[in-house]
Amino acid sequence: LEAAYLWLAGRPDVDATRISVLGTSMGAGVALASTAQLAPLGLRSIVAFAPPLDYAPLLDRRLRLLGPLTPVAHGIVRLVAHGLGQVSPLELSPERAYEAGPPVPVLLFQGDADRTIPLDGARALAAHSPRVELRVLPGVGHDDIPAAVLADRDARRRVLRFLRTNRLVHQHPDEASAPDED
């Protein structure tokens, strides 16, 4: 993500002071985890669709299917990641990285029918991070969040307004995407 950001910021037709990142699922998690690297470069904001806030439980849930080979798989994941000079997904927490980094405004969309990424994590992040605005999408599952935002005129308008102004409009976490007052 940092390499892509630097490439984009270096283009003569791009205003490097107006770059925001929009990510879905793991991409949104990577965006949150990268704020410490990207904010000093000028990252303006993040729009995140259902980001995992801690990768270890997600990866562990998938690796458990291997039964008694799960510890071996954990070791391979760590070995490969560290061998490539990367953080293992078993050690990656986008939430902790975001909270430890410079303040970057985040517009976070989460479906209340998401069975992959628990809504409770998004609620907790928004409750204790004043730079995070949570928009809960009623009846929307994990894979349907981008399409749901695109199909909802008010949600689309909120994303565009956020990208233009980075102004957060706090609301109750269970409130659907409502039109902004301005």
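This text goes with the structure placed above it.
Counting starts from 1 at the beginning of each chain's written sequence and moves along it residue by residue. Predicted model: local features are reported for residues with pLDDT of at least 70 only, side-chain atom pairs are reported and counted for 80 or more only, and whole-chain, interface and lining totals are derived from all residues. Side-chain metrics rest on all non-hydrogen atoms present in the structure, leaving aside hydrogens and water.

K.L.:
Quick question: what am I supposed to make of the layout of surface pockets here?
P.N.:
Summary: where empty space remains is shown by rolling a probe the size of a single water molecule over the atoms. Lining residues are defined by having an atom within 4 Å of a point belonging to a cavity or pocket. Those points lie on a 1 Å grid over the protein atoms alone, cavities being sets where a 1.4 Å probe fits but cannot get out and pockets being open sets with protein on both sides within 12 Å along at least five of seven lines. Grid points are joined across faces, edges and corners, and a volume is the space filled by probe spheres set on the points. Looking at the largest pocket, its volume works out to about 410 Å³. Taken together, 15 residues form the lining of the largest pocket, with Val30, Ser34, Gln86, Val87 and Leu92 sitting closest to its centre. At the level of elements, helix H1 (2–9) and helix H2 (26–33) are the ones that each hand at least two residues to the lining of the largest pocket. Charged residues are taken to be Asp, Glu, Lys and Arg, nonpolar residues to be Ala, Val, Leu, Ile, Met, Phe, Trp, Tyr, Cys and Pro, and polar residues to be all remaining types, Gly included. Tallied by class, residues from the lining of the largest pocket come to 9 nonpolar, 5 polar and 1 charged. Of the volumes computed, that of the second largest pocket is approximately 190 Å³. Around the second largest pocket, the lining is made up of 13 residues, and of these Leu53, Asp54, Pro57, Ile117 and Pro118 lie nearest the centre. A run of H or I in DSSP counts as a helix once it spans at least four residues, and a run of E counts as a strand once it spans at least two, with each numbered from the N terminus.

K.L.:
Got a minute to help me understand the pattern of salt bridges in this structure?
P.N.:
Opposite charge on two side chains makes pairing possible when the charged atoms of those side chains draw close. The term salt bridge refers to a side-chain nitrogen of Lys or Arg lying within 4 Å of a carboxyl oxygen of Asp or Glu. Tallied over the full model, the rule gives 8 salt bridges. Across the pair Glu91 and Arg78 runs a salt bridge whose closest N-O atoms are separated by 3.7 Å. Separated by 13 residues along the polypeptide, Glu91 in the loop between helix H5 (70–83) and helix H6 (94–100) and Arg78 in helix H5 bring together distant segments of the chain. For the exposure calls, accessible area comes from a 1.4 Å probe over protein chains only, and a residue counts as buried if that area is under 20% of its type's maximum, exposed if over 50%, partly exposed in between. For Glu91, a relative accessible area of 35% translates into the label partly exposed. Look at Arg78 and you get partly exposed, because its relative accessible area is 33%. Salt-bridge contacts for Glu133 lead to Arg158; the nearest nitrogen and oxygen are separated by 2.8 Å. Placement of Glu133 in strand E4 (residues 132–137) and of Arg158 in helix H9 (residues 153–165) is noted, with a sequence separation of 25 residues between them. Through salt bridges with shared partners, a single network forms among Glu133, Arg135 and Arg158.

K.L.:
Would you explain the nonpolar core in this entry?
P.N.:
Nonpolar side chains in soluble globular proteins tend to be buried together. Nonpolar cores were defined as sets of buried Ala, Val, Leu, Ile, Met, Phe, Trp, Tyr and Cys residues, with membership established by side-chain atoms within 4.5 Å. Of all hydrophobic cores here, the largest spans 23 residues; its most connected members are Leu43, Ile46, Tyr98, Val106, Leu108 and Val132. If you list the elements that add at least two residues to this core, you get H2, strand E2 (45–49), strand E3 (106–111), helix H7 (119–128) and E4. Broken down by element, the residue count for this core peaks at 4 residues, all from H7. Dropping the residues within four chain positions of it, Tyr98 is found in contact with Leu32, Thr35, Val104, Val106, Leu125, Ser129, Arg131 and Val132. Residue contacts are counted whenever heavy atoms from the two residues lie within 4.5 Å of one another.

K.L.:
Looking at this structure, how should I read the packing of helix H4 (residues 55–63) against H5?
P.N.:
Each pair of packed helices gets described by two things: the angle between the helix axes and the distance between those axes. Axis geometry follows a simple rule: fit a line to the C-alpha atoms, using only the stretch in contact for helices, then measure angles between N-to-C directions, giving values from 0 to 180 degrees. The contact between H4 and H5 brings their axes to 10 Å, and the two run at 135°. Taken together, the axis directions place H4 and H5 in an arrangement best described as oblique. Of the two elements, H4 crosses H5, and the hand of that crossing is right-handed. Of the residues in H5, those touching H4 at Leu59, Asp60 and Leu63 are Thr70, Ala73, His74 and Val77. Here the contact of H4 with H5 is built from residues that sort into 4 nonpolar, 2 polar and 1 charged. Should an angle fall under 35 degrees it is called roughly parallel, over 145 degrees roughly antiparallel, and 65 to 115 degrees roughly perpendicular, with every other angle called oblique. Each helix crossing is assigned a hand: it is left-handed if the near helix lies turned anticlockwise from the far helix by less than a right angle, otherwise right-handed if that turn is clockwise.

K.L.:
Is there a simple way to explain unusual backbone geometry in this structure?
P.N.:
Glycine aside, the phi torsion of most residues is negative, and most peptide linkages are trans. A positive phi angle, near 55°, is found at Ser25, a position not held by glycine. Position of Ser25 among the secondary structure elements: in the loop between strand E1 (20–24) and H2. Phi at Ala50 takes a positive value of approximately 50°, unusual for a residue other than glycine. One can find Ala50 in the loop between E2 and H4.

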